[in-house]
Amino acid sequence: MSDRSKLLEVSVWRGTGDEGAYETFQVPARDNQTVLDVVSWIQQSADPSLTYRYACRVGMCGSCAMMVNGVPRWTCRTHVKRVLRDGALQVGPLRNLPVIKDLAADMDPFFDKWIRAGGVHRPSRSRNDPIQQVPPDDPGRVEANKGIECINCSVCYAACDTVAGNPDYLGPAALQRAWTLYNDAKVEDRQAVLDSVSGAGGCHNCHSQGSCTRFCPNELDPLSAIAGLKRASARSFFRRGE
Amino acid sequence: MMLKAHRNHPLWLAYMLHRLSGLALALFLPVHFHVLSLALTRPESLDRFLGLADNPGVKLAEFGLVFLLAVHFFGGLRLLALEFLPWSARQKTLAAASIAGAFLISGAFLLQAV
Amino acid sequence: MLNIRLYMAQRLSAMVMAPLVLGHIAVMIYAVQGGLSTAEILGRTQGSVWWFLFYGSFVLAVSVHAAIGLRVILHEMTGLRGRWLEVFTCGIGVLLLIMGARAVLAVTFA
Ligand code: FES
């Protein structure tokens, strides 16, 4: 068992909207403890008014992402031991999104952009048609598979400085979604996918900083997906002559 | 200035280097163009200006400019490869390493020759 | 603040410049040996169609490339958008083009 007397120094963002400040709490250290456990302990044992968000606790729902010591992480699968700096922890709401209260960021812009990037599936067959067979080793399917484990946690979106500088930019998650659709045999209008990511906030704004790929908790690679979109749209640019 | 934690990795630093070198080159260009066009209007002041090149400070600045150009050039090649060549990460590393190697060897040769 | 057209202009101008930059660096290394002088530079470049084409295409490509690059930096640093951002981009491009054309003419014609 752990040394019960050991305490963690945890500063947590408190506030609504644009205003707020970090507040420090002493939290008992445990042998096995995630950042989400720490936040929950504060809410349950120190200050019940602390607002934060989680659901599954096992890295599937994507609702628990926060800034931990300046880096976006899924808190339910982040062990305190791995991120502790001199016995201290700083937890804040996700970057690049408006704050609702305390640690809960407003995810609306993130999902709005997901939709703007064409993230909604538009079926090419109706229920009366036979089900389309997709061979698992089809190259397009292999490429699409690389991106489908996205849990919409917005860690990549918070990590990206291009999002920070350019509010129109769709961001890594939405663009990676567009890339999987582009490679999906069941999507008929590929050009429509490319068109929705070729406007003013589209994939061409990416500066290949690679923070998305570096911090994705599911080890996906939005950087390469966006490069794929750039390549595909450049090809169609030459084909169509515009 | 401390680097923010989410920026502390090689690709982000490469991005910043590319941006800063590009910005510096873009600011330098008008000066460069202006000085050269002196050849047309006032050749004697261009000569006086070029005479400055023996000054060690100016030498250093010259080196800085060539360095910026080289940095932006290789950073640009890296981006073009990243965006337009559907290679695996390993292939890209190998390609970058061989280009850097070739540059090192030819650079060393040049220093010998000059 | 790039759509596909600006992006392609940026990347294509970069591809045009790649060999030109190498050539320019080589010329610089060659030229600075033994110091620089107006006579030496002009002796090499004046009246040469090749140098005119070489540096002419360089100026053309760099004007496009730098204008778009500065546009992106300006937008991301200040949030400037809309018509003034377009004015800025075109302004920088035209300014560099004019100054660059003067420089090329000065060293190749006259
Ligand atoms: S709580 Fe569901 S991913 Fe963390």
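Parameters and conventions
Residues numbered from 1 in each chain as written. Chains lettered and ligands numbered in written order. Predicted model: local features only at pLDDT ≥ 70, side-chain atom pairs only at ≥ 80, totals over all residues. Heavy atoms only, no water. Core = buried A, V, L, I, M, F, W, Y, C linked by side-chain atoms within 4.5 Å. Buried < 20%, exposed > 50% of the residue type's maximum accessible area, 1.4 Å probe, protein only. Helix = DSSP H or I, 4+ residues; strand = E, 2+ residues; numbered from the N terminus. UniProt positions renumbered as here; feature names shortened; annotations may be inferred. Polar contact = N/O pair within 3.5 Å; in protein donor to acceptor, adjacent residues only side chain to side chain. Contact = heavy atoms within 4.5 Å. Buried area = accessible area lost by both parts, 1.4 Å probe. Salt bridge = Lys/Arg side-chain N within 4 Å of Asp/Glu carboxyl O. Pairing = 2+ DSSP bridges. Axes fitted to C-alpha atoms, helices over the stretch in contact; angles between N-to-C directions.

1. Focus: the nonpolar core
- The biggest cluster of nonpolar side chains holds 66 residues, and the ones touching the most others in it are Val10 and Leu103 of chain A.
- The dominant element in this core, judged by the number of residues it contributes, is helix H7 (residues 172-182) of chain A, at seven residues.
- Ranked by size, the runner-up nonpolar core spans 36 residues in total, among them Leu20, Ala61, Leu70 and Ile92 of chain C.

2. Some words on the UniProt feature "transmembrane region" (unreviewed entry) in chain B
- According to UniProt, the "transmembrane region" (unreviewed entry) feature falls on residues 63-81 and 93-111 of chain B.
- Strand forms 0% of residues 63-81 of chain B and helix 100%; the C-alpha atoms that close the span are 27 Å apart.

3. Some words on the UniProt feature "transmembrane region" (unreviewed entry) in chain C
Residues and elements named next belong to chain C.
- Feature annotation in UniProt assigns "transmembrane region" (unreviewed entry) to the following positions: residues 12-32, 52-73 and 85-109.
- Counting secondary structure, residues 12-32 comes out at 95% helix and 0% strand; the distance between its end C-alpha atoms is 30 Å.
- Span residues 85-109 is 96% helix and 0% strand, its end C-alpha atoms 35 Å apart.

4. Description of the side chain of Glu76 of chain C
- Relative to the elements of secondary structure, Glu76 of chain C occurs in helix H3 (residues 49-78).
- On the accessibility criterion, Glu76 of chain C (12% relative accessible area) is buried.
- A polar side-chain atom of Glu76 of chain C sits 2.7 Å from a polar atom in the side chain of His207 of chain A.
- Non-local contacts of Glu76 of chain C, meaning those with residues more than four positions away in its chain, are made with Thr162, Gly165, Asn166 and His207 of chain A together with Tyr15 and Arg19 of chain B.

5. Some words on the interface of chain B and chain C
- The interface is formed by 28 residues belonging to chain B together with 32 residues belonging to chain C.
- Across the chain B to chain C interface the summed buried area is about 2700 Å²; carbon plus sulfur atoms make up 78%.
- Ranking the residues of chain B by area buried against chain C places Arg19, Phe33 and Phe73 of chain B at the top, with a combined share of 21%.
- Run the count over chain B and chain C and you get two salt bridges.
- Between Arg11 of chain C and Glu83 of chain B there is a salt bridge; the shortest N-O distance is 2.7 Å.
- Elements with a minimum of two residues in the side of chain B that touches chain C: helix H1 (10-41), helix H2 (43-51) and helix H3 (56-84) of chain B.
- Here the side of chain B that touches chain C takes 13 residues from H1 of chain B, the largest share from any one element.

6. Observations regarding the sheet that holds strand E4 (residues 71-74) of chain A
Residues and elements named next belong to chain A.
- The five strands lie next to each other as E2-E1-E5-E3-E4, forming an open sheet whose pairing is mixed. Because the sheet does not close on itself, it has two edges, and the strands there are strand E2 (21-28) and E4. Shown here is a sheet whose adjacent strand axes are inclined to one another by a mean of 35°, direction ignored.
- Inspection of the sheet shows strand E1 (residues 7-14) paired to E2 by eight bridges, in the antiparallel sense. Directly across from Ser11, in E2, lies its bridge partner Thr24.

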